[in-house]
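Commentary on secondary and tertiary structure
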Amino acid sequence: MEHPNGGTAVIVPVALPTSARDGFNSQSFGRALNAHVKQARVLMVGAGGIGCELLKNLVLAGFGEVHIVDLDTIDLSNLNRQFLFRHEHIKKPKALVAKDAAQRFNPNVEIVAHHANIKDPEFTIEWFGSFAIVFNALDNLDARRYVNRMCLAADVPLIESGTTGFNGQVQVVKKGVTACYDCEPKETPKSFPVCTIRSTPSQPIHCIVWGKSYLLNEIFGASEDESAFDHSADGENANEIEELKRESAALRKIRQSVGTTEFNQMLFDKVFNTDVVRLRSMEDMWKTRKPPEPLDYTALMGKSAAAIAAKDAVLQDGQKVWSLEENLVVFNDSLDRLSGRMLEMKASQNGAAGEAIITFDKDDEDTLDFVAASANIRSSLFGIDRMSKFDIKQMAGNIIPAIATTNAIVAGLCVLESFKVLRGEYDKTKAVFLSPSGLARLLNPSRSLQPNPNCPVCSVFQTRVHVDLSRATLHDFVEDFLKPELGYGDKDISISNEVGILYDPDETDNLEKKLSELGIKSDSFLTITDEEDEDTFVNVVVAIQEAKEPLPDKPIRGISTDGVKIPTKPKKEPVPETNGNAVTNGKHASNGKAVEAVPAKRARPDDAEELSITKKAKTASSAVTVVDDDDVVVIVDDSAGAIVIDDD
């Protein structure tokens, strides 16, 4: 293109002026909605597949302030669908990189990134309550349930979303208006997304995915870190770039050493010692969790004489949970077998183009043994239970790939539903299901469901209380708050938390203990159950919040308890007559007349010792094993041979 004065004109892209961008949004949304959007302060939990698409949409729509929370770091496997990330970002925090990438789309939006776990103590109920909307873009059940519960406690609208392969869903959650995430029972997940590989694993499945999708591919497949990062000159990340170069060089050296006598130890030292030491150096990551413990190859081999002698028996016993020493023996033996195969493949290529690659197959004993041993050794580092080869084989075959298009569609639906929330039009919100295999259409919307009256999470009455945790006892909680302020009076009640029952009329041992001694801290939840048969209150969930100011009189003070009236449970329908006789409490009335039931309180066993065994409260100091990894609960279903993730 010629310039009028001669020469060649250069076309330089110009950023869209703020007034023009705002004008377009105002035309699209309408002035009122556009004003709401610009003033909205929203939270997005998760910066993965859905999160990248959603953040882009939120920023382009002009939401005034967007907070991102994500604990994960970027892996090579993320790059095919999480478009905000590039190869030079591998190993960096997703939240921080996503912020920098999305900020360029709209510099007028304030983006705040938190490289942290959403369960960390810093993210309080009050903090959740400071947002107009919370968006869930998570890939695990426990975290979604946690955010759901926090939003209900803070009375903040939640837009829940998720994808599984080509399927997806979006749901609006508003306390008392729509169904919450737990209103409908969730099936036990039988698969696990690839993107859940963590630098801080908390469950066996995390380690299995790491062994299968990361380590096996690193050594015998396409290396994640084989490229140098010379093109990146970001001064703020210079140390990280140098570390990635060193890691890349170490991996290339290990790959080049396949088949040598040093190969096994080189790989072991790299992933179970050097990388672990580096993880431990990231102090912020271990503020609320126990750091992993690196392993010494030589020392562990010195303890493995018996396992080496019984190698054949160990390899044949797929039902047994191998010891750490037995896993090392299987690790070395599988590496020898895979190395031999790799050398044979290279020899057969005879200089032909392409690299020899071995991929995982659950029916391939070599790769299965390698993944099982690697996963179990990694589990040992992080204090996670090891699994049998049989169980690992079942779980390793259930990894569902994430689809970029599905993520994009679901993220778009999230923003459309958020516009209705900002207008307060909850009657117009939809629960939308994305199902390409459906016979009717791709998107299947339906009106948001009403709250389930039997939901254990949102059907309860919720309130909060300020507590001086340094001196408040369970007795103070009962006598100074529950009875006078919530109106329980002389009712028989029980108090429980996620650990178990802390108090009931037959179990009073904990009354004089401080709440802190019972494992109760700020933003803990206590459930109060009315044990009366008449005028029974619905369950009450009390959120404990540590008092910011001294409480001079009593160590407990309710928050906005004036005029609180706890609803009662609906009375049970009378049992219909059958053949002229009514059945009441298991007894038939004679002459067609119903026998009047005598109100009674719940039956109690006479044997106090038996009751104590079944219902005794567990204190945090004596019976609770505190897992510093997101407080994740893992239930092992031995009968099915699979992990149930009740809770990455």
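Residues numbered from 1 in each chain as written. Predicted model: local features only at pLDDT ≥ 70, side-chain atom pairs only at ≥ 80, totals over all residues. Heavy atoms only, no water.

Under an unreviewed UniProt entry, the protein chain has the name Ubiquitin-activating enzyme E1-like and belongs to Lasiosphaeria hispida.

Some words on the overall build of the protein chain
Scanning the protein chain from terminus to terminus reveals 18 helices and 20 strands. Taking all 648 residues of the protein chain together, the buried fraction comes to 49%. Taken as a whole, the protein chain presents about 31700 Å² of accessible surface, with 51% of it coming from carbon and sulfur. (Helix = DSSP H or I, 4+ residues; strand = E, 2+ residues; numbered from the N terminus. Buried < 20%, exposed > 50% of the residue type's maximum accessible area, 1.4 Å probe, protein only. Areas by Shrake-Rupley, 256 points an atom, 1.4 Å probe, with all protein chains shown as cover.)

With respect to the nonpolar core
Leu 215, Phe 220, Leu 267, Phe 268, Phe 272, Phe 331 and Phe 370 are the most contacted members of the largest nonpolar core, which has 51 residues in total. Sorting the residues of this core by element identifies α7 (204-220), α9 (263-280), α10 (297-302), α12 (311-316), α13 (324-349), α14 (365-381) and α15 (389-396) as the ones contributing at least two each. Beyond its immediate sequence surroundings of up to four residues, Leu 267 is in contact with Leu 215, Ile 219, Ile 254, Phe 331, Leu 335 and Phe 370. In terms of nonpolar packing, the next biggest core, distinct from the first, is built from 44 residues, Ala 47, Ile 111, Phe 419 and Leu 434 among them. (Core = buried A, V, L, I, M, F, W, Y, C linked by side-chain atoms within 4.5 Å. Contact = heavy atoms within 4.5 Å.)

Thoughts on the sheet that holds strand β9 (residues 430-434)
If you trace the eight strands from one edge of the open sheet to the other, you get β3-β2-β1-β4-β5-β6-β9-β10, paired in mixed fashion. Looking at the sheet topology across the chains shown, the edges are occupied by β3 (110-114) and β10 (443-447). Adjacent strand axes in the sheet meet at a mean angle of 15 degrees, parallel and antiparallel pairs treated alike. Pairing analysis gives five bridges linking β9 to β10, with the strands arranged antiparallel. When the sheet's bridge partners are listed, Leu 434 is paired in β10 with Leu 443. Helix-sheet contacts for helix α3 (residues 49-61) involve β1 (41-45), β2 (65-69), β3, β4 (133-136) and β5 (158-164), and the interaxial angle to β1 is about 165 degrees. (Pairing = 2+ DSSP bridges. Axes fitted to C-alpha atoms, helices over the stretch in contact; angles between N-to-C directions.)

A few points about the pattern of salt bridges
In the structure shown here, the tally under the stated rule is 26 salt bridges. Note that Lys 389 and Glu 365 form a salt bridge whose closest N and O atoms lie 2.4 Å from each other. Remark: Glu 365 occurs in helix α14 and Lys 389 occurs in helix α15; sequence separation between them is 24 residues. Between Asp 530 and Lys 491 there is a salt bridge; the shortest N-O distance is 2.9 Å. You can see Asp 530 sitting in strand β14 (residues 525-530) and its partner Lys 491 sitting in the loop between α17 (474-485) and β12 (493-496), a full 39 residues away along the chain. Taken as a pair, Asp 530 and Lys 491 share a single burial class, namely buried. Salt bridges sharing common partners tie together Lys 311, Asp 333, Arg 337, Arg 341, Asp 364, Glu 365, Asp 366, Asp 369 and Lys 389. (Salt bridge = Lys/Arg side-chain N within 4 Å of Asp/Glu carboxyl O.)

Observations concerning the environment of Arg 255
Turning to its location among the elements, Arg 255 is positioned in helix α8 (residues 238-256). The spatial distance from the C-alpha of Arg 255 to the C-alpha of Met 266 is 9.8 Å, given a sequence separation of eleven residues.

Observations concerning unusual backbone geometry
In this model, Asp 523 sits at a positive phi of 70 degrees, which is unusual for a non-glycine residue. Position of Asp 523 among the secondary structure elements: in the loop between β13 (501-503) and β14. Of the residues examined, Asp 523 reaches a relative accessible area of 11% and is grouped as buried.

Quick notes on helix α6 (residues 141-154)
In this model α6 runs 20 Å from its N-terminal to its C-terminal C-alpha over 14 residues, within 8% of the 20 Å that 1.5 Å per residue would give. In terms of residue burial, α6 counts as a mostly covered element, since eleven of its 14 residues are buried. Those residues of α6 that sit buried are Leu 141, Asp 142, Ala 143, Arg 144, Val 147, Asn 148, Met 150, Cys 151, Leu 152, Ala 153 and Ala 154. Just downstream of α6, Asp 155 is the residue with a positive phi angle, here 55 degrees. (Expected span 1.5 Å × (residues − 1).)

Some remarks on the packing of α14 against α15
Running from N to C, α14 and α15 cross one another at 105 degrees; their axes reach a closest spacing of 10 Å. Compared by their axis directions, α14 and α15 come out roughly perpendicular. Here Glu 365, Leu 368, Asp 369, Val 371, Ala 372 and Asn 376 of α14 lie close against α15, whose contacting residues are Lys 389, Ile 392 and Lys 393. Across the contact of α14 with α15, the residue classes tally to four nonpolar, one polar and four charged. (Parallel < 35°, antiparallel > 145°, perpendicular 65-115°, else oblique. Nonpolar A, V, L, I, M, F, W, Y, C, P; charged D, E, K, R; others polar.)

A few points about α14
In this model α14 runs 24 Å from its N-terminal to its C-terminal C-alpha over 17 residues, within 8% of the 24 Å that 1.5 Å per residue would give. Here α14 lies mainly inside the structure; 15 of its 17 residues are buried. Following α14 by one or two positions, Gly 383 has its phi on the positive side, about 70 degrees.

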